[in-house]
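For reference, the chains in residue letters:
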Amino acid sequence: MKVSPSILSCDFAHFGDQIRAVEEAGAEYIHIDVMDGVFVPNISLGPVMVKAVRPYASIVFDTHLMIVNPIKYVEEFAKAGADLITIHLESCDNVEETLLKIKSLGKKVGLSIKPKTPVSALEPYLPLLDLILIMSVEPGFGGQAYIPESTAKIAETAALIKKSGRDIELEVDGGISAANAKEVVDAGATVLVAGSAVFKAKDLKTGVDALRV
Ligand code: DX5
Ligand code: ZN
């Protein structure tokens, strides 16, 4: 199981150093939340910031695009240094085309669904995916509480992936902490995203290790 600390809770005054510290804490991925103020009611950062911090660490940049019309920007994020690019199923009408574009850029392809979107909506895209991201809070802000119904969705997604026979990572994002990590992993998650749980811990290594159940 992998841990992907979310930058949303980091100290943005020292963004590059924070990325390096996450790598040194032993996390496998760094989760970069990109918000446009349209798909979600919050704004975070764009490709310029991704490019600026890329030299600070070789850790996998797990880029979560919460933006409308992502096809317009995936190339910029790829060039900026994103390794894995996840878009939202609800963010555009050309999901397949966007996923194919990410693939053509040589990057890992991720697809995410919000809490109210059914798991079955993912099915047509399975052959294209390297990762599925199940949102366990409404996207937009860190520090929210885990929605309990997410556990059943994770299990349903894990079964779907198994049935497909494909090697697809199952990432979960929102309200993950040491208190529910076991439940989420037992349901089938292979990558845990955690913002506040990691960055508000005594130190980053303690925060990351506490999630390894
Ligand atoms: C929410 C973001 C998450 C968020 C998680 O829209 O996608 O990655 O930062 O933060 P926590 O772990 O604090 O819920
Ligand atoms: Zn996220």
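Criteria and thresholds
- Residues numbered from 1 in each chain as written.
- Chains lettered and ligands numbered in written order.
- Predicted model: local features only at pLDDT ≥ 70, side-chain atom pairs only at ≥ 80, totals over all residues.
- Heavy atoms only, no water.
- Near = heavy atom within 4 Å.
- Polar contact = N/O pair within 3.5 Å; in protein donor to acceptor, adjacent residues only side chain to side chain.
- Areas by Shrake-Rupley, 256 points an atom, 1.4 Å probe, with all protein chains shown as cover.
- Helix = DSSP H or I, 4+ residues; strand = E, 2+ residues; numbered from the N terminus.
- Phe/Tyr/Trp six-rings, centres within 6.5 Å; stacked < 30°, edge-to-face > 60°.
- Lys NZ or Arg CZ within 6 Å of the ring centre and 35° of its normal.
- Buried < 20%, exposed > 50% of the residue type's maximum accessible area, 1.4 Å probe, protein only.
- Pairing = 2+ DSSP bridges.
- Contact = heavy atoms within 4.5 Å.
- Donors = N, O, S within 2.8 Å, 3.2 Å for Na, K, Ca; no water.
- Tetrahedral: all angles 85-135°; square planar, octahedral: opposite > 155°, others 65-115°.
- Right-handed = clockwise from strand over helix to strand, strands pointing away.
- Axes fitted to C-alpha atoms, helices over the stretch in contact; angles between N-to-C directions.
- Lys, Arg positive; Asp, Glu negative; His and termini not counted.
- Salt bridge = Lys/Arg side-chain N within 4 Å of Asp/Glu carboxyl O.

Caption draft 1: Expanded view of the site of ligand 1. For ligand 1, the set of nearby residues contains 20 residues, the closest of which are Ser6, Gly140, Asp173, Gly195 and Ser196. Residue Asp173 places a side-chain N or O atom 2.7 Å away from an oxygen atom belonging to ligand 1. Within the side chain of Ser196, an N or O atom sits 2.5 Å from an oxygen atom of ligand 1. Coverage of ligand 1 by the protein chains reaches 99% of its 380 Å² of free accessible surface. At the level of elements, β2 (29–35), β3 (60–66) and β8 (191–194) are the ones that each hand at least two residues to the shell around ligand 1.

Caption draft 2: Structural detail: the packing of aromatic side chains. Under the defined criterion, the tally for this structure stands at one aromatic pair. Between Phe12 and Phe15, the ring centres sit 5.3 Å apart and the planes meet at 50°, which makes this aromatic pair tilted. In this arrangement the basic side chain of Arg54 is found over the ring face of Phe61, its NZ or CZ atom lying 3.6 Å from the centre. The positively charged end of Lys114 is found above the aromatic ring belonging to Phe39, 5.1 Å away from the centroid.

Caption draft 3: Region of the structure containing the pairing of strand β6 (residues 131–135). In terms of residue burial, β6 counts as a mostly covered element, since five of its five residues are buried. Strand direction decides the pairing type here: strand β5 (residues 108–113) and β6, joined by four bridges, are parallel. Among the inter-strand pairings, Ser112 is bridged to a residue of β6, identified as Leu133.

Caption draft 4: Quick peek at the environment of Lys153. Mapped onto the fold, Lys153 is located in helix α5 (residues 150–164). Between the C-alpha atoms of Lys153 and Ala25, which are 128 residues apart in sequence, the distance is 30 Å. In this structure, Lys153 is in contact with Ile113, Lys114, Pro115, Lys116, Thr117, Val119 and Ile134, ignoring residues within four places of it in sequence. From its side chain, Lys153 meets the backbone oxygen of Thr117 in a polar contact 2.7 Å long.

Caption draft 5: Structural detail: the coordination of the zinc ion (ligand 2). Protein ligation of the zinc ion (ligand 2) involves His31 (NE2), Asp33 (OD), His64 (ND1) and Asp173 (OD), the donor distances falling in the range 2.1 to 2.3 Å. Relative to the metal, the six donor atoms surrounding the zinc ion (ligand 2) lie at angles of 71 to 171°, and the coordination shape comes out octahedral. Taken in chain order, the donor set of the zinc ion (ligand 2) reads H-x1-D-x30-H-x108-D. Here His31, found in strand β2, pairs with His64, found in strand β3; they are 33 residues apart in sequence, far enough to count as distant. In this pair, the class of His31 matches that of His64, namely buried.

Caption draft 6: Examining the pairing of strand β7 (residues 169–173) more closely. Within β7, five of the five residues are buried, which leaves it mostly tucked inside the rest of the structure. Neither face of β7 is exposed, since Glu169, Glu171 and Asp173 on one face and Leu170 and Val172 on the opposite face are all buried. Following the chain from β6 across α5 to the adjacent parallel β7, one finds a crossover that is right-handed. Note that the unit made of β7, helix α6 (residues 181–187) and β8 has a crossover that is right-handed.

Caption draft 7: Quick peek at the sheet that holds strand β1 (residues 2–5). Spatially, β1-β8-β7-β6-β5-β4-β3-β2 is the arrangement adopted by the eight strands of the open sheet, whose pairing is parallel. On the outer flanks of this sheet lie β1 and β2, each paired with one strand and no other. Here the average twist between neighbouring strands, direction ignored, is 25°. Sheet analysis places β7 next to β8, joined by three bridges and oriented parallel. Looking across to β8, one finds that Asp173 is bridged to Val193.

Caption draft 8: Molecular detail of the side chain of Asp62. Note that Asp62 resides in strand β3. Despite its burial, Asp62 pairs with no opposite charge, the nearest such side chain being Lys2 at 9.9 Å. Looking at Asp62, its side chain comes within polar contact range of the side chain of His31, at 2.9 Å. In this structure, Asp62 is in contact with Ser4, Tyr29, Ile30, His31, Ile32, Leu84 and Glu171, ignoring residues within four places of it in sequence.

Geometric values such as these leave the question of function open.
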